[in-house]
Amino acid sequence: MEQEHKRRVRYAGTHPRRFEEKYKELNPEKYAADVRHVMERGATPAGMHISIMVQEILDFLQIRPGQVGLDATLGYGGHTRAMLEQLHGQGRIYGLDVDPIESVKTTRRLRELGYGEDILTVRLQNFADVDQVVQDTGRKFDFVLADLGVSSMQIDNPERGFSFKVDGPLDLRLNPQKGVTAAQRIKEVSEDELAHMLEENADEPYAKEIAKAVRKRLWRKRPLETTFQLRETIEEALSFLPEKERKEAVKKSCQRTFQALRIDVNSEFEVLYAFLEKLPQVLAPNGRAAILTFHSGEDRLVKRSFRELERAGIYAEVSKDVIRPTPEECVRNSRARSTKLRWAVRAGEDDR
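What counts and how
Residues numbered from 1 in each chain as written. Predicted model: local features only at pLDDT ≥ 70, side-chain atom pairs only at ≥ 80, totals over all residues. Heavy atoms only, no water. Buried < 20%, exposed > 50% of the residue type's maximum accessible area, 1.4 Å probe, protein only. Helix = DSSP H or I, 4+ residues; strand = E, 2+ residues; numbered from the N terminus. Pairing = 2+ DSSP bridges. Salt bridge = Lys/Arg side-chain N within 4 Å of Asp/Glu carboxyl O. Contact = heavy atoms within 4.5 Å. Right-handed = clockwise from strand over helix to strand, strands pointing away. pLDDT = per-residue confidence, 0-100. Axes fitted to C-alpha atoms, helices over the stretch in contact; angles between N-to-C directions. Parallel < 35°, antiparallel > 145°, perpendicular 65-115°, else oblique. Nonpolar A, V, L, I, M, F, W, Y, C, P; charged D, E, K, R; others polar.

Looking at the pairing of strand β5 (residues 283–293)
Counting buried positions over the 11 residues of β5 gives eight, a clear majority of the element. Bridge analysis of strand β4 (residues 141–147) against β5 gives six bridges, and the strand direction is parallel. Residue pairing across strands places Ala146 opposite Ile291, the latter belonging to β5.

In structure tokens:
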């Protein structure tokens, strides 16, 4: 039976603007030249994620054939693929992710590149439970990578609610099948609790004003269920600012507010605490760990943990200074600008 031909989604104007209309970017294998053109402009194609500081990570991890490693945050799989290439078909990498939507796509993509179950194992699991992987396999890791950033695929998809730039449900869950949405969470917390959340998770200078505007909107029974409705509320909260500085202030407060809600909804600090506490237990002697962070709260936790455990003799060495992406990489990928890399080396048998 002849398969029915499906036409692409129609869109207004000369170029698609909506996520679901970007049929070329959403099919990178079929439209490689178009995707490459988007990347050359320093933009991230819809539905894709450009891995950050890949070479710096490989330089530190020093992966060798036969080793066993962990990508604690699989995402789009770019870092995983680069690490797999270093194994030259010998060894194994475990990839963890809590996103049931994107992990399936990434697994399929890596399988099609020839990385079978014999060398790549993907588990739908939170990296806070990294110790369970070692318990199941009986083998500690020679190298571990954790990229704490949200993947571009999640940010770009309006159905996930991660961006204030496109309208969609105010969700923000990394696993949309578990937990409460950001919209639900806002209704649960008091004005003081929301203000504290914005200050603690994102250093938001207008936390009290935004929390008050949110509570006022809900009290008046105006809906607060979408990303645009939250953005509108933040605009109302900052309406007292001079007009010439208001636009930029609203933009930055939107970024921080969405970040604070995402951290809260996904318990990101608690997850990171658990991971950092268990990390030495899952690293083999002389094992290497690299962590990419994207805001000051995360970086402080990683820096403190690494230095305390170095003083205790658990880590033989840790990065003294934060490592940042090169200016050239930031030009190619604007989402790399806030990235910080820190690393640690587990003490060997002779060091303890």
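Continuing now.
Quick word on the environment of Lys178
Along the chain, Lys178 turns up in the loop between α6 (152–156) and α7 (182–188). Through-space distance from the C-alpha of Lys178 to that of Val98 is 9.8 Å; in sequence the pair is 80 residues apart.

A closer look at the pattern of salt bridges
By the definition in use, this model includes 21 salt bridges. A salt bridge links Arg256 to Glu204; its shortest N-O distance comes to 2.8 Å. Within this pair, whereas Arg256 is found in helix α11 (residues 243–265), its partner Glu204 is found in the loop between α8 (191–202) and α9 (207–219), the two being separated by 52 residues in sequence. A relative accessible area of 21% places Arg256 in the partly exposed class. Salt-bridge contacts for Lys252 lead to Glu248; the nearest nitrogen and oxygen are separated by 4.0 Å. Remark: Glu248 and Lys252 occur in helix α11; sequence separation between them is four residues, near one turn of the helix.

Here's the deal with the side chain of Thr106
By the element assignment, Thr106 lies in helix α4 (residues 102–112). In this structure, Thr106 is in contact with Leu74, Gly75, Tyr76 and Gly77, ignoring residues within four places of it in sequence.

A closer look at the pairing of strand β2 (residues 92–97)
Side chains on a regular strand alternate between the two faces of the sheet. Of all six residues in β2, five are buried, a share of seventy percent or more. Bridging between strand β1 (residues 68–71) and β2 involves four bridges; their strand directions are parallel. Counterpart to Gly69 in the pairing with β2 is Ile93. Taken together, β1, helix α3 (residues 78–87) and β2 constitute a β-α-β crossover, and its handedness is right-handed. Alignment of β2 against strand β3 (residues 120–124), held across five bridges, turns out to be parallel. Considered in β3, the bridge of Asp97 is made with Leu124. What joins β2 to β3 is α4, and the crossover it makes is right-handed.

Considering the confidence of the model for the chain
Looking at the chain, pLDDT values average 87 and 84% of them are 70 or higher. Low pLDDT (under 50) marks residues 1–5, which in the prediction has zero contacts with non-local residues, meaning those over four places away or in another chain. With pLDDT under 50 throughout, residues 19–25 is counted as low confidence; its partners more than four residues away or in other chains account for 27 contacts.

Notes on the packing of α8 against α11
In the contact formed by α8 and α11, the axes pass within 8 Å of each other and the chain directions differ by 95°. When the interaxial angle is binned, α8 and α11 end up roughly perpendicular. Here α8 contributes Met197, Leu198, Asn201 and Ala202 to the contact with α11, which in turn contributes Arg256, Thr257, Gln259, Ala260, Leu261, Ile263 and Asp264. Looking at the contact of α8 with α11, its residues break down into six nonpolar, three polar and two charged.

Some points on the sheet that holds β1
With mixed pairing, seven strands are arranged side by side in an open sheet as β3-β2-β1-β4-β5-β7-β6. At either end of the open sheet lies a strand with only one pairing partner, and these are β3 and β6 (315–318). Ignoring strand direction, the axes of neighbouring strands in this sheet form an average angle of 15°. Against the sheet, α3 touches β1, β2, β3, β4 and β5, its axis set at about 170° to β2. Running over the sheet, helix α12 (residues 268–282) touches β4, β5, β6 and β7 (340–346) and is turned about 150° from β5.

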